[in-house]
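Structural features, examined
Listed below, chain by chain, are the residues.
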Amino acid sequence: MDGFATAGARHWRARRARTRQEQRFAGLVTEVRSGTAQAPADSVLDRVCRHRDATGAEMTPRIAAVELLNVIRPTTALSWFVAFAAHALHRWPEHGKRLRAGEAGFATAFAHEVRRFYPFAPFLGGQAVTDLTWQGRHVSAGGLVLLDVYGQNHDERLWKDPYSFRPERFLDRPPHRDELIPQGGADPRTGHRCPGEALAVGILETLSRRLADLSYEVPPQDLTIPLDRIPTRPRSGMIIRTLA
């Protein structure tokens, strides 16, 4: 996860790590299917190993491995959002009181605002599969199209005081589909949008409440967030020290 959309050594380390994990999971799938290893009942591994397509064929070990990584990778990506949630609670501790109080809808609003406010991925790229025209602009087949995620999530035409962290903006109404796009735009069934977005929001709600319930201190560290790093994060991570 730490090497996507990045040129240089970090990107190549990430590609090598992905290849290693695909090979490891492919071997595990083969072992489960042959009976030399067991998968916990109804686990993701068990479901992937037993899955059949419309013709009744099972996935190849490599494709099964990719599907396993498609569950693990976005779950791991949530650690960035959890770090941002801790960063927000440190900067604006009043929100922790509302999370602890269990105010109706506030955890969801807080999760949405973390995803809107913080720059996990500043843009998403796609390749035009055919010649097209969008709002009067011609894009040739094979052309690179960039979705300005950070720009839209901070567009003052969509968000009042876009550079203020205000979870309350989502209490009155949930975000429209094409307004808040930290995980891509359009419909996940047909567009370039993460199909696990709803799950990500739910997990972030739960973990934000857990953070608010913890008794901890934030030791001295560098909590600035560089905008020249993808994916970005607080420079020190987000180090907390739990209290007895």
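That block above? That's the structure.
Residues numbered from 1 in each chain as written. Predicted model: local features only at pLDDT ≥ 70, side-chain atom pairs only at ≥ 80, totals over all residues. Heavy atoms only, no water.

Bringing empty space enclosed by the protein into the picture now. Taken as a whole and judged by the stated rule, the model has one cavity of 30 Å³ or more. Estimates place the volume of the largest cavity at around 60 Å³. In this structure, the largest cavity is lined by Phe81, Arg115, Arg116, Tyr118, Pro119, Phe120, Ala121, Val149, Tyr150, Asn153, His154 and Pro182. When contributions to the lining of the largest cavity are tallied by element, the ones reaching two or more residues are helix 5 (106-117) and helix 6 (149-153). Among the elements that take part in the lining of the largest cavity, helix 6 stands out by supplying three residues, more than any other. (1 Å grid on protein atoms, 1.4 Å probe; cavity = no way out; pocket = protein on both sides within 12 Å on 5 of 7 lines; lining within 4 Å. Points joined across faces, edges and corners; volume = space filled by probe spheres on them. Helix = DSSP H or I, 4+ residues; strand = E, 2+ residues; numbered from the N terminus.)

Take the packing of helix 4 (residues 94-101) against helix 7 (residues 197-213) next. Running from amino to carboxyl end, helix 4 crosses helix 7 at an angle of 110°, the nearest separation of the two axes being 9 Å. As judged from the angle between their axes, helix 4 and helix 7 are roughly perpendicular. Contact residues: helix 4 offers Gly96, Leu99 and Arg100, while helix 7 offers Ser208, Arg209, Ala212 and Asp213. (Axes fitted to C-alpha atoms, helices over the stretch in contact; angles between N-to-C directions. Parallel < 35°, antiparallel > 145°, perpendicular 65-115°, else oblique. Contact = heavy atoms within 4.5 Å.)

Glancing now at the nonpolar core. Ranked by size, the top nonpolar core spans 31 residues in total, and within it Phe110, Val114, Tyr118 and Phe165 carry the most contacts. Among the elements that make up this core, the one with the highest residue count is helix 3 (residues 61-91) (11 residues). What Phe165 contacts, discounting residues up to four positions off in sequence, is Ala88, Trp92, His95, Phe110, Glu113, Val114, Phe117 and Tyr118. Counting 14 residues, the second-largest nonpolar core is a separate cluster that includes Phe25, Val48, Ala64 and Leu69. (Core = buried A, V, L, I, M, F, W, Y, C linked by side-chain atoms within 4.5 Å. Buried < 20%, exposed > 50% of the residue type's maximum accessible area, 1.4 Å probe, protein only.)

The next point concerns the layout of surface pockets. Here the largest pocket is characterised by a volume of approximately 1400 Å³. If you trace the largest pocket, you find 41 residues lining it, with Met1, Phe4, Arg73, Pro74 and Ala77 closest to the centre. With 11 residues, helix 3 is the largest single contributor of residues to the lining of the largest pocket. Residue composition of the lining of the largest pocket, by class: 23 nonpolar, 13 polar and five charged. Surrounding the second largest pocket, 24 residues form its lining, Leu124, Trp134, Val145, Leu146 and Leu147 being those nearest its centre. For the lining of the second largest pocket, the secondary structure elements donating two or more residues are strand 1 (124-127), strand 2 (132-134), strand 3 (137-139) and strand 4 (144-147). By residue class, the composition of the lining of the second largest pocket is 12 nonpolar, nine polar and three charged. (Nonpolar A, V, L, I, M, F, W, Y, C, P; charged D, E, K, R; others polar.)

A separate point is the packing of aromatic side chains. Taken as a whole and assessed by the stated rule, the structure comprises 11 aromatic pairs. Taking 5.7 Å as the distance between ring centres and 90° as the angle between the ring planes, the aromatic pair formed by Trp92 and Phe117 counts as edge-to-face. Separated by 25 residues along the polypeptide, Trp92 in the loop between helix 3 and helix 4 and Phe117 in helix 5 bring together distant segments of the chain. Like Trp92, the residue Phe117 is buried in the burial classification. Put simply, the rings of Phe84, Trp92, Phe106, Phe110, Phe117, Tyr118 and Phe165 touch in pairs and so form one group of aromatic residues. The ring of Trp159 has Arg116 lying over it, and the distance from NZ or CZ to the ring centre is 5.8 Å. (Phe/Tyr/Trp six-rings, centres within 6.5 Å; stacked < 30°, edge-to-face > 60°. Lys NZ or Arg CZ within 6 Å of the ring centre and 35° of its normal.)

By the secondary structure assignment, His95 is in helix 4. Leaving out residues up to four positions away in the same chain, His95 has contacts with Leu89, Phe106, Phe110, Phe165, Pro167 and Glu168.

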